[in-house]
Amino acid sequence: MVPLFDSHAGTREELEPGAVLLRGFADPKARALLEEVDRIAQASPFRHLIVPGGHTMSVAMTNCGRVGWVSDRTGYRYDPNDPDTGAHWRAMPELFLDLAQRAAAEAGFANYDPDACLINRYAAGAKLGLHQDRDENDPVSPIVSVSLGLPATFMWGGKRRSDPVRRMRLENGDVVVWGGPARFVYHGVAPLKSGAHPLTGDIRINLTFRKVF
Ligand code: MD3
Ligand code: FE
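Predicted model only: the values in this text are computed from it and were never measured. (Residues numbered from 1 in each chain as written. Chains lettered and ligands numbered in written order. Predicted model: local features only at pLDDT ≥ 70, side-chain atom pairs only at ≥ 80, totals over all residues. Heavy atoms only, no water.)

Student: Looking at this structure, I do not really get the packing of helix 1 (residues 30-43) against helix 2 (residues 94-106). What am I missing?
Tutor: Direction vectors running N to C along helix 1 and helix 2 enclose 130°, while the axes themselves pass 10 Å from each other. One finds that helix 1 runs oblique with respect to helix 2. Two packed elements cross with a definite hand, and for helix 1 against helix 2 that hand is left-handed. Between helix 1 and helix 2, the contacting residues are Ala32, Leu33, Glu36, Val37 and Ile40 on the first element and Leu95, Phe96 and Leu99 on the second. Residues belonging to the contact of helix 1 with helix 2 are distributed by class as follows: 7 nonpolar, no polar and 1 charged. (Axes fitted to C-alpha atoms, helices over the stretch in contact; angles between N-to-C directions. Helix = DSSP H or I, 4+ residues; strand = E, 2+ residues; numbered from the N terminus. Parallel < 35°, antiparallel > 145°, perpendicular 65-115°, else oblique. Left-handed = near helix turned anticlockwise from the far one by under 90°. Contact = heavy atoms within 4.5 Å. Nonpolar A, V, L, I, M, F, W, Y, C, P; charged D, E, K, R; others polar.)

Student: Where do I start with the sheet that holds strand 2 (residues 19-22) in this structure?
Tutor: Pairing between sheet strands relies on hydrogen bonds along the backbone, with the strands arranged either parallel or antiparallel. Taken in spatial order, the 7 strands of this open sheet run 1-2-11-8-13-6-3, and their pairing is antiparallel. Of all the strands in the sheet, just strand 1 (12-16) and strand 3 (60-65) have a single pairing partner and so form its edges. Direction aside, neighbouring strands of the sheet carry axes that sit 20° apart on average. Here strand 6 (residues 116-122) runs beside strand 13 (residues 204-210); their pairing, made up of 7 bridges, is antiparallel. (Pairing = 2+ DSSP bridges.)

Student: Can you help me understand the coordination of the iron ion (ligand 2) in this one?
Tutor: The reference angle at a metal is 109.5 degrees if four donors form a tetrahedron and 90 or 180 degrees if six donors form an octahedron. Binding of the iron ion (ligand 2) to the protein goes through His131 (NE2), Asp133 (OD) and His187 (NE2), at separations of 2.0 to 2.3 Å. Written as a sequence motif, the donor residues of the iron ion (ligand 2) are H-x1-D-x53-H. Taken together, the residues histidine 131 in strand 7 (residues 128-131) and histidine 187 in strand 12 (residues 187-189) connect sequence positions 56 residues apart. Judged by relative accessible area, which is 22%, histidine 131 ranks as partly exposed. A residue is classified by how much of its surface remains accessible, and histidine 187, at 16% relative accessible area, is buried. (Donors = N, O, S within 2.8 Å, 3.2 Å for Na, K, Ca; no water. Buried < 20%, exposed > 50% of the residue type's maximum accessible area, 1.4 Å probe, protein only.)

Student: Before we go on, may I ask you to explain the nonpolar core in this structure?
Tutor: Within soluble globular proteins, side chains that are nonpolar tend to cluster in buried spots. Leu33, Phe96, Ile119, Val146, Ile205, Leu207 and Phe209 are the most contacted members of the largest nonpolar core, which has 35 residues in total. Sorting the residues of this core by element identifies strand 2, helix 1, strand 3, helix 2, strand 6, strand 8 (143-149), strand 11 (175-178) and strand 13 as the ones contributing at least two each. Take this core: its biggest share by element is 7 residues, from helix 2. Setting aside anything within four residues of it in sequence, one finds leucine 207 in contact with Leu33, Val37, Phe96, Cys117, Leu118, Ile119, Val144, Ser145, Val146 and Leu148. Among the nonpolar cores identified, the runner-up in size contains 29 residues, and Leu15, Ala19, Ala126 and Ala152 belong to it. (Core = buried A, V, L, I, M, F, W, Y, C linked by side-chain atoms within 4.5 Å.)

Student: What am I meant to see in the site of ligand 1 here?
Tutor: Close to ligand 1 lie 19 residues, the nearest being Asn120, Tyr122, His187, Arg204 and Arg210. Between ligand 1 and asparagine 120 there is a distance of 2.9 Å, counted from an oxygen atom to a side-chain nitrogen or oxygen. Between an oxygen atom of ligand 1 and a side-chain N or O atom of tyrosine 122, the distance comes to 2.5 Å. In the complex, the protein chains occlude 98% of the 500 Å² of accessible area that ligand 1 would expose alone. Counting atoms within 2 Å of the grid points, the majority share of ligand 1 lands in the largest pocket. Among the elements of the structure, strand 6, strand 7, strand 8, strand 12 and strand 13 are those that each provide at least two residues to the shell around ligand 1. Top element by residues in the shell around ligand 1 is strand 13. It accounts for 4 residues. When grouped by side-chain class, the residues that make up the shell around ligand 1 number 9 nonpolar, 6 polar and 4 charged. (Near = heavy atom within 4 Å. Polar contact = N/O pair within 3.5 Å; in protein donor to acceptor, adjacent residues only side chain to side chain. Areas by Shrake-Rupley, 256 points an atom, 1.4 Å probe, with all protein chains shown as cover. 1 Å grid on protein atoms, 1.4 Å probe; cavity = no way out; pocket = protein on both sides within 12 Å on 5 of 7 lines; lining within 4 Å. Sits in = over half its atoms within 2 Å of the grid points.)

Student: Would you explain helix 2 in this entry?
Tutor: With 13 residues, helix 2 should cover 18 Å at 1.5 Å per step; its first-to-last C-alpha distance of 18 Å lies within 8% of that length. Within helix 2, burial applies to Leu95, Phe96, Leu97, Leu99, Ala100, Ala103 and Ala104. Where helix 2 ends, the next residue or the one after it, glycine 108, has phi of about 100°, a positive value. (Expected span 1.5 Å × (residues − 1).)

Student: Could you clarify how one ought to interpret the packing of aromatic side chains in this entry?
Tutor: Each aromatic ring pair is specified by the distance between its two centres and by the angle formed by the two planes. Across all of its chains, the model carries 5 aromatic pairs by this definition. Taking 5.4 Å as the distance between ring centres and 55° as the angle between the ring planes, the aromatic pair formed by phenylalanine 154 and tryptophan 178 counts as tilted. With phenylalanine 154 in strand 9 (residues 152-156) and tryptophan 178 in strand 11, this residue pair connects regions lying 24 residues apart in the sequence. Taken together, a centroid distance of 6.1 Å and an interplanar angle of 70° make the contact between tryptophan 156 and tryptophan 178 edge-to-face. Of this pair, tryptophan 156 sits in strand 9 while tryptophan 178 sits in strand 11; the two residues are 22 residues apart in sequence, bridging distant segments of the chain. The exposure classification of tryptophan 156 matches that of tryptophan 178, with both residues buried. (Phe/Tyr/Trp six-rings, centres within 6.5 Å; stacked < 30°, edge-to-face > 60°.)

Written out as C-alpha coordinates, the structure reads:
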(Lines give C-alpha, C1' and ligand atoms only; values in the text may rest on other atoms or scores of the structure.)
(Ligands and ions follow the chains in the order given, each with its own letter.)
Protein backbone atom coordinates (compact mmCIF):
# COMPACT_ATOMS: atom_id res chain seq x y z
CA MET A 1 0.00 0.00 0.00
CA VAL A 2 1.29 3.47 -0.79
CA PRO A 3 1.14 5.73 2.28
CA LEU A 4 -1.00 8.79 1.50
CA PHE A 5 -0.15 11.03 4.44
CA ASP A 6 3.06 9.88 6.12
CA SER A 7 5.05 11.11 3.14
CA HIS A 8 8.55 10.90 4.65
CA ALA A 9 8.34 7.27 5.81
CA GLY A 10 10.31 4.82 3.70
CA THR A 11 12.63 7.39 2.17
CA ARG A 12 16.39 6.94 1.94
CA GLU A 13 18.45 10.07 2.31
CA GLU A 14 22.22 10.42 2.17
CA LEU A 15 23.02 12.94 4.94
CA GLU A 16 26.66 13.08 3.87
CA PRO A 17 29.10 10.56 2.40
CA GLY A 18 28.77 7.38 4.51
CA ALA A 19 25.67 8.46 6.47
CA VAL A 20 22.29 7.16 5.32
CA LEU A 21 18.95 8.10 6.92
CA LEU A 22 16.18 5.52 6.50
CA ARG A 23 12.97 7.27 7.59
CA GLY A 24 10.50 4.93 9.25
CA PHE A 25 12.60 1.83 8.52
CA ALA A 26 11.93 0.35 11.98
CA ASP A 27 8.28 1.47 12.14
CA PRO A 28 6.74 -1.97 11.46
CA LYS A 29 8.86 -3.47 14.26
CA ALA A 30 8.70 -0.64 16.80
CA ARG A 31 6.35 -2.32 19.24
CA ALA A 32 8.21 -5.65 19.14
CA LEU A 33 11.57 -3.88 19.54
CA LEU A 34 10.29 -2.08 22.64
CA GLU A 35 9.06 -5.36 24.11
CA GLU A 36 12.59 -6.74 23.71
CA VAL A 37 13.98 -3.60 25.35
CA ASP A 38 11.74 -4.30 28.36
CA ARG A 39 13.02 -7.87 28.56
CA ILE A 40 16.64 -6.72 28.38
CA ALA A 41 16.02 -4.09 31.05
CA GLN A 42 14.49 -6.70 33.36
CA ALA A 43 17.82 -8.57 33.30
CA SER A 44 20.08 -5.48 33.18
CA PRO A 45 18.19 -2.44 34.43
CA PHE A 46 18.69 1.03 32.92
CA ARG A 47 21.23 3.02 34.94
CA HIS A 48 22.79 6.47 34.88
CA LEU A 49 26.49 5.88 34.34
CA ILE A 50 29.21 8.02 35.88
CA VAL A 51 31.76 9.44 33.44
CA PRO A 52 35.47 9.88 34.22
CA GLY A 53 34.98 13.57 35.12
CA GLY A 54 32.65 12.43 37.94
CA HIS A 55 29.39 13.62 36.39
CA THR A 56 26.36 11.35 36.09
CA MET A 57 24.84 11.00 32.61
CA SER A 58 21.27 12.25 32.17
CA VAL A 59 20.65 9.44 29.66
CA ALA A 60 20.03 6.02 31.26
CA MET A 61 21.66 3.02 29.57
CA THR A 62 21.68 -0.73 29.29
CA ASN A 63 23.05 -3.17 26.68
CA CYS A 64 22.61 -6.47 24.97
CA GLY A 65 25.05 -8.49 22.88
CA ARG A 66 28.48 -10.07 23.38
CA VAL A 67 29.70 -6.95 25.19
CA GLY A 68 28.15 -3.75 26.53
CA TRP A 69 29.39 -0.16 26.74
CA VAL A 70 29.92 1.01 30.30
CA SER A 71 31.57 3.91 32.07
CA ASP A 72 32.79 4.66 35.57
CA ARG A 73 35.24 7.08 37.21
CA THR A 74 38.18 5.16 35.69
CA GLY A 75 37.01 5.40 32.07
CA TYR A 76 34.88 3.89 29.29
CA ARG A 77 35.05 0.28 28.15
CA TYR A 78 33.19 -2.60 26.52
CA ASP A 79 32.52 -5.26 29.13
CA PRO A 80 31.18 -8.81 28.58
CA ASN A 81 29.50 -8.51 31.98
CA ASP A 82 27.04 -6.03 33.39
CA PRO A 83 28.98 -4.46 36.29
CA ASP A 84 25.69 -3.92 38.18
CA THR A 85 24.66 -7.59 38.13
CA GLY A 86 27.98 -9.38 37.49
CA ALA A 87 26.23 -11.47 34.82
CA HIS A 88 26.58 -11.46 31.04
CA TRP A 89 24.42 -9.05 29.09
CA ARG A 90 21.48 -10.73 27.36
CA ALA A 91 22.19 -12.01 23.88
CA MET A 92 21.15 -9.76 21.05
CA PRO A 93 17.58 -10.67 20.06
CA GLU A 94 17.21 -12.02 16.51
CA LEU A 95 14.82 -9.15 15.79
CA PHE A 96 17.56 -6.59 16.67
CA LEU A 97 20.19 -8.35 14.59
CA ASP A 98 17.88 -8.77 11.61
CA LEU A 99 16.87 -5.10 11.65
CA ALA A 100 20.47 -3.86 12.01
CA GLN A 101 21.66 -6.13 9.21
CA ARG A 102 18.89 -5.07 6.84
CA ALA A 103 19.54 -1.39 7.56
CA ALA A 104 23.31 -1.77 7.10
CA ALA A 105 22.75 -3.63 3.82
CA GLU A 106 20.42 -0.87 2.63
CA ALA A 107 23.27 1.57 3.23
CA GLY A 108 25.77 -0.61 1.36
CA PHE A 109 27.36 -2.56 4.23
CA ALA A 110 27.01 -6.30 3.64
CA ASN A 111 27.50 -8.96 6.34
CA TYR A 112 27.12 -6.57 9.28
CA ASP A 113 27.77 -8.45 12.52
CA PRO A 114 27.45 -6.09 15.50
CA ASP A 115 28.89 -7.24 18.85
CA ALA A 116 26.97 -4.77 21.00
CA CYS A 117 23.71 -2.89 21.16
CA LEU A 118 23.79 0.08 23.53
CA ILE A 119 20.27 1.08 24.57
CA ASN A 120 19.78 4.72 25.59
CA ARG A 121 16.71 5.95 27.46
CA TYR A 122 15.87 9.67 27.43
CA ALA A 123 13.38 11.26 29.80
CA ALA A 124 12.42 14.95 29.42
CA GLY A 125 15.55 17.09 29.67
CA ALA A 126 18.00 14.23 29.08
CA LYS A 127 20.74 15.02 26.57
CA LEU A 128 23.96 13.73 25.12
CA GLY A 129 26.74 16.25 24.58
CA LEU A 130 28.76 16.31 21.35
CA HIS A 131 31.12 13.32 21.25
CA GLN A 132 32.76 10.79 18.95
CA ASP A 133 32.25 7.04 19.31
CA ARG A 134 35.81 5.76 19.38
CA ASP A 135 35.87 2.98 21.97
CA GLU A 136 35.36 0.37 19.23
CA ASN A 137 38.38 -1.38 17.72
CA ASP A 138 36.70 -1.83 14.33
CA PRO A 139 36.92 1.46 12.40
CA VAL A 140 35.41 0.04 9.19
CA SER A 141 31.99 -1.24 10.27
CA PRO A 142 29.16 1.25 10.55
CA ILE A 143 27.15 2.22 13.61
CA VAL A 144 23.42 1.69 13.15
CA SER A 145 21.06 3.85 15.21
CA VAL A 146 17.33 3.19 15.73
CA SER A 147 15.03 5.82 17.26
CA LEU A 148 11.89 4.78 19.16
CA GLY A 149 9.22 6.75 21.00
CA LEU A 150 9.39 10.52 21.45
CA PRO A 151 11.21 12.54 18.77
CA ALA A 152 14.57 14.17 19.49
CA THR A 153 16.78 16.79 17.92
CA PHE A 154 19.93 15.04 16.78
CA MET A 155 23.05 17.15 16.20
CA TRP A 156 26.04 16.25 14.12
CA GLY A 157 29.14 18.01 12.90
CA GLY A 158 32.39 16.89 11.36
CA LYS A 159 35.54 15.09 12.42
CA ARG A 160 36.69 18.07 14.47
CA ARG A 161 34.81 19.38 17.47
CA SER A 162 35.02 22.90 15.98
CA ASP A 163 33.29 21.86 12.71
CA PRO A 164 29.83 23.37 12.11
CA VAL A 165 26.91 21.41 13.59
CA ARG A 166 23.68 20.52 11.80
CA ARG A 167 20.40 19.60 13.46
CA MET A 168 17.80 17.04 12.46
CA ARG A 169 14.66 15.63 14.04
CA LEU A 170 14.71 11.86 14.59
CA GLU A 171 11.33 10.22 15.08
CA ASN A 172 9.97 6.83 16.07
CA GLY A 173 11.13 4.26 13.52
CA ASP A 174 13.91 6.34 11.96
CA VAL A 175 17.19 4.49 11.37
CA VAL A 176 20.56 6.05 10.57
CA VAL A 177 23.62 4.14 9.36
CA TRP A 178 26.96 5.87 10.03
CA GLY A 179 29.85 4.31 8.17
CA GLY A 180 32.82 5.10 5.98
CA PRO A 181 33.87 8.75 6.20
CA ALA A 182 30.92 9.52 8.53
CA ARG A 183 31.93 6.98 11.17
CA PHE A 184 33.88 9.40 13.35
CA VAL A 185 31.84 12.59 13.15
CA TYR A 186 30.98 14.45 16.35
CA HIS A 187 27.33 13.99 17.30
CA GLY A 188 24.91 14.45 20.18
CA VAL A 189 21.28 14.86 21.20
CA ALA A 190 19.61 18.12 22.38
CA PRO A 191 17.65 18.03 25.67
CA LEU A 192 14.50 15.94 25.12
CA LYS A 193 11.27 17.90 25.03
CA SER A 194 8.48 16.44 27.13
CA GLY A 195 5.65 14.80 25.27
CA ALA A 196 3.51 11.69 25.00
CA HIS A 197 4.12 8.89 22.51
CA PRO A 198 1.60 6.06 22.06
CA LEU A 199 4.32 3.39 22.33
CA THR A 200 6.65 4.75 25.02
CA GLY A 201 4.75 7.46 26.90
CA ASP A 202 7.13 10.18 28.06
CA ILE A 203 10.44 8.70 26.91
CA ARG A 204 12.67 8.20 23.89
CA ILE A 205 14.66 5.00 23.34
CA ASN A 206 17.66 4.79 21.02
CA LEU A 207 19.40 1.58 20.00
CA THR A 208 22.96 1.83 18.66
CA PHE A 209 24.56 -1.24 17.13
CA ARG A 210 28.35 -1.45 17.17
CA LYS A 211 31.04 -3.77 15.84
CA VAL A 212 33.53 -3.66 18.69
CA PHE A 213 36.23 -6.24 17.82
C1 MD3 B 1 27.38 9.21 14.23
N2 MD3 B 1 23.45 7.96 20.67
O3 MD3 B 1 24.90 6.07 21.90
S4 MD3 B 1 22.22 8.00 17.71
C5 MD3 B 1 25.53 6.97 21.33
O6 MD3 B 1 20.28 9.17 19.97
C7 MD3 B 1 24.78 8.06 20.67
O8 MD3 B 1 21.04 8.11 21.66
C9 MD3 B 1 22.61 9.01 20.20
O10 MD3 B 1 25.38 8.95 20.18
C11 MD3 B 1 21.20 8.74 20.63
O12 MD3 B 1 26.77 7.00 21.25
C13 MD3 B 1 22.74 9.28 18.76
C14 MD3 B 1 23.00 8.46 16.21
C15 MD3 B 1 24.47 8.15 16.17
C16 MD3 B 1 25.02 7.15 16.92
C17 MD3 B 1 26.35 6.84 16.79
C18 MD3 B 1 27.14 7.52 15.89
C19 MD3 B 1 25.25 8.83 15.29
C20 MD3 B 1 26.59 8.53 15.14
C21 MD3 B 1 28.50 7.19 15.69
C22 MD3 B 1 29.26 7.86 14.77
C23 MD3 B 1 28.70 8.88 14.05
FE1 FE C 1 27.51 8.38 20.02
